[in-house]
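Coordinates in review
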Amino acid sequence: MDYNNQGSVPPPFYGNDHAVVRQTNAVMKRVYVRMFVGLLISAFCALGVASSPAMLQFFFGNQLVFWGMLIAMLAMAFIIPARLTRMSTGAVLACFLVYSALMGAWLAPIFLVYRLGTIVYTLFITAGTFGAMSVYGYFTKTDLSKMGSYLMMALFGLIIAMVVNIFLKSSTMEWIVSIVGVLIFVGLTAWDTQSVKRLAAANLDPQLADKLATMGAMNLYLDFINMFLFLLRIFGGGDRN
């Protein structure tokens, strides 16, 4: 997400350095807590749907429900940032939690395709990689803005390649796409973290800061989920039916 699209960039907070640090830490804490809550909701929803034949039939046996779920997630991913300033802080948070639940339901089939051990193993690798890159994005003095722009262009290219491979069904291209996907979301994790930190240090209105904390959580949540899925395709290749 390009946070600068939310309007004019707020001026930096030139107050006491300790006050800036406290303010930044407070916002970043909300970001990571909300991201973690979103991941927990997705995990429980995925497990719940995967363990219920009736729920699997409802979500994946009904084309109307399946496509409606995907369209709803895509719509929310675009509408929430676009209407951020018009929505209340509670509405933004509620939308993120609903999005996390829908994502969890959509991810349920991975428990039918991959072994539980592979999923857990990949989850730990994802958590470690995500944590390392988020720490790097938080503490680095390097401006990652330009890198972020290149990564977003690469992401659009990756999406096109994935669509093309639906028709080609090339295992080699799938392998390449998975590796490139991991690299893109590794970079986006650092970029998103730095973007959130910079806004957290700005002199923001408390309500806007809270909304942006939720959006930061959503962006990092998506970085984590996508990194996990691409790594799962790499490490779980032998598990597929």
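Here's a quick rundown of the structure. Note that the structure is predicted; figures quoted are calculated from it, not measured.

Before going further, it helps to spend a moment on the environment of W106. Relative to the assigned elements, W106 resides in helix 4 (residues 89-107). The contacts of W106, once residues within four sequence positions are left out, are F60, F66, M69, L70, M73 and L229.

Our focus in this paragraph is the pattern of salt bridges. Inspection of the entire model under this criterion finds 4 salt bridges. A salt bridge links D210 to R34, with the shortest nitrogen-to-oxygen separation between them at 2.7 Å. Linking D210 in helix 9 (residues 206-235) with R34 in helix 1 (residues 17-50), this pair joins segments that are 176 residues apart in sequence. Here D210 matches R34 in class, with each residue buried. Through salt bridges with shared partners, a single ionic network connects R30, R34 and D210.

For the rest of this paragraph, the subject is the nonpolar core. If you look at the biggest cluster of nonpolar residues, it comprises 62 residues, and the most contacted ones within it are M35, Y99, M103 and Y221. Looking at this core, the elements with two or more residues in it are helix 1, helix 2 (53-60), helix 3 (63-82), helix 4, helix 6 (116-139), helix 7 (145-168), helix 8 (171-200) and helix 9. Counting residues per element, this core draws most heavily on helix 9, which supplies 16 residues. Among residues more than four places away in sequence, those in contact with Y99 are M73, M76, A77, M218, Y221 and L222.

The interhelical angle for the contact between helix 3 and helix 4, taken along N-to-C directions, is 145°, at an axis separation of 10 Å. For the crossing formed where helix 3 meets helix 4, the hand is left-handed. On helix 4, the residues touching F66, M69, L70, A72, M73, M76, A77 and I80 of helix 3 are V92, C95, F96, V98, Y99, L102, M103, A105 and W106. Looking at side-chain class alone, the contact of helix 3 with helix 4 contains 17 nonpolar, no polar and no charged residues.

What follows concerns the packing of helix 7 against helix 8. One can describe the packing of helix 7 onto helix 8 by two numbers: an axis separation of 9 Å at closest approach and a directional angle of 150°. Of the possible angle classes, the one that applies to helix 7 and helix 8 is roughly antiparallel. Crossing of helix 7 over helix 8 shows left-handed handedness. Contacts between helix 7 and helix 8 involve S145, M147, G148, L151, M152, A154, L155, L158, A161, M162, N165 and L168 from the first element and M173, E174, V177, V180, G181, I184, F185, G187, L188, W191, Q194 and R198 from the second. Class assignment for the residues of the contact of helix 7 with helix 8 results in 16 nonpolar, 6 polar and 2 charged.

Within the secondary structure layout, Q194 lies in helix 8. Taking relative accessible area as the criterion, Q194 reaches 5% and is therefore assigned buried. Apart from the residues lying within four places of it in its own chain, the contact partners of Q194 are G137, T140, T142, D143, L144 and S145.

So, about the side chain of T140. Mapped onto the elements, T140 comes out in the loop between helix 6 and helix 7. A polar side-chain atom of T140 sits 3.1 Å from the main-chain amide nitrogen of T142.

Conventions used here
- Residues numbered from 1 in each chain as written.
- Predicted model: local features only at pLDDT ≥ 70, side-chain atom pairs only at ≥ 80, totals over all residues.
- Heavy atoms only, no water.
- Helix = DSSP H or I, 4+ residues; strand = E, 2+ residues; numbered from the N terminus.
- Contact = heavy atoms within 4.5 Å.
- Salt bridge = Lys/Arg side-chain N within 4 Å of Asp/Glu carboxyl O.
- Buried < 20%, exposed > 50% of the residue type's maximum accessible area, 1.4 Å probe, protein only.
- Core = buried A, V, L, I, M, F, W, Y, C linked by side-chain atoms within 4.5 Å.
- Axes fitted to C-alpha atoms, helices over the stretch in contact; angles between N-to-C directions.
- Left-handed = near helix turned anticlockwise from the far one by under 90°.
- Nonpolar A, V, L, I, M, F, W, Y, C, P; charged D, E, K, R; others polar.
- Parallel < 35°, antiparallel > 145°, perpendicular 65-115°, else oblique.
- Polar contact = N/O pair within 3.5 Å; in protein donor to acceptor, adjacent residues only side chain to side chain.

Keep in mind that these numbers describe shape and distance, not what the molecule does.
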